[in-house]
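# Structural description and commentary
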Amino acid sequence: MYRGVMTMLQWLPPELATSTAVLLVAISFATSAISATFGLGGGVAMLIALLSAVPPIVALPVHALVQVGSNAGRAWMMRPHIMRRVFLWFLPGGVLGVLIASQLIVSLPTTVLQMALAIFILWSVWMPGMGRRELRDPAFVAVGAVTSFATLFLGATGPLLAAFLSPTLYGRDRTVATHAACMTLQHLLKLIAFGFLGFVLTEWLPLVLAMILSGLLGTRFGGALLHRFPEGAFKKVFKVILTALAVRLLIRSLLG
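Parameters and conventions
- Residues numbered from 1 in each chain as written.
- Predicted model: local features only at pLDDT ≥ 70, side-chain atom pairs only at ≥ 80, totals over all residues.
- Heavy atoms only, no water.
- Axes fitted to C-alpha atoms, helices over the stretch in contact; angles between N-to-C directions.
- Helix = DSSP H or I, 4+ residues; strand = E, 2+ residues; numbered from the N terminus.
- Parallel < 35°, antiparallel > 145°, perpendicular 65-115°, else oblique.
- Left-handed = near helix turned anticlockwise from the far one by under 90°.
- Contact = heavy atoms within 4.5 Å.
- Nonpolar A, V, L, I, M, F, W, Y, C, P; charged D, E, K, R; others polar.
- Salt bridge = Lys/Arg side-chain N within 4 Å of Asp/Glu carboxyl O.
- Buried < 20%, exposed > 50% of the residue type's maximum accessible area, 1.4 Å probe, protein only.
- Core = buried A, V, L, I, M, F, W, Y, C linked by side-chain atoms within 4.5 Å.

Across the interface, helix H5 (residues 84-104) lies against helix H10 (residues 172-196) with an axial gap of 10 Å and an inter-helix angle of 30°. In terms of orientation, H5 lies roughly parallel with respect to H10. In terms of crossing hand, the pair formed by H5 and H10 is right-handed. On H10, the residues touching Val-86, Phe-87, Phe-90, Leu-91, Gly-94, Val-95, Val-98 and Ser-102 of H5 are Thr-178, Ala-181, Cys-182, Leu-185, Gln-186, Leu-189, Lys-190 and Ala-193. Per-class residue counts for the contact of H5 with H10 are eleven nonpolar, four polar and one charged.

Written as structure tokens, this is what we have:
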């Protein structure tokens with residue numbers, strides 16, 4: 001797999017330095033390991049890295065492609081733990097959310113959406129009773145619609161979805177596996193929307209494939225770490241990561 005990654009890096013877009021591409025591939029490994037271990041965080045970190053290397057118009061679709069590979073690999077490896085009823089209710093909501101967002105993406109202020117999502121995540125993590133109340137399966141239609149609507153504007157909405165998939169309720173294996181399955185669907189729908197909006201990323205495919213392969217290695221590594229963490233420690237780290245990502249989103253919206 002390592003040789004395959006290096007071969008793909010020989011076919012890079014002319015505006016991207018080889019050193020930058022190698023760094024992005026390494027970051028893909030690290031962020032996939034983070035997501036496989038804690039259930040979230042890797043997608044946001046990957047988006048930050050991409051935005052520092054390429055223009056936003058390229059970063060969002062490339063991020064979606066990489067995240068499809070990373071999340072699909074994680075979902076496949078953990079497929080026995082996926083809550084299938086949750087996923088099946090999430091699916092139609094995801095389609096609806098992306099359809100609506102694709103009509104509004106050029107007009108809705110991103111900073112407003114960022115602030116609203118950050119406040120909601122912080123509220124859901126720290127308000128008494130939130131994260132302890134299990135949603136009925138049909139409620140995930142609304143969850144799918146809201147998170148998928150937001151993903152076209154923000155790129156990485158894993159923390160928002162994670163607010164509804166608590167390891168306290170579902171356990172870490174079912175939380176990580178179901179989160180990965182839903183995010184795979186969401187990023188795939190986003191890619192389809194970007195395609196209809198006219199984004200073409202053919203020249204970026206070698207880099208994307210190299211990042212996906214690296215991400216799969218990271219997923220295996222993170223999956224092995226997952227069961228080395230005590231259940232109580234996992235829940236605490238999960239909560240801390242969710243809070244940190246929400247604070248970062250809030251600061252970004254205020255500075256934007």
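Here the focus is the pattern of salt bridges. Summed over all chains, the structure comprises one salt bridge. Put simply, Arg-85 and Asp-137 hold a salt bridge, and the shortest N to O gap is 2.9 Å. With Arg-85 in helix H5 and Asp-137 in the loop between helix H6 (110-126) and helix H7 (140-154), this pair connects stretches of sequence that are 52 residues apart. Note on Arg-85: relative accessible area 54%, which makes it exposed.

The biggest cluster of nonpolar side chains holds 21 residues, and the ones touching the most others in it are Phe-90, Phe-140, Leu-152, Phe-153, Leu-161 and Leu-165. Only H5, H7 and H10 provide two or more residues apiece to this core. Sorting elements by how many residues they give to this core places H7 first, with six residues. Those residues in contact with Phe-140, other than ones at most four positions away along the chain, are Val-86, Trp-89, Phe-90, Leu-135, Phe-164, Leu-165 and Tyr-170. In terms of nonpolar packing, the next biggest core, distinct from the first, is built from 19 residues, Leu-50, Val-62, Leu-207 and Ile-212 among them.

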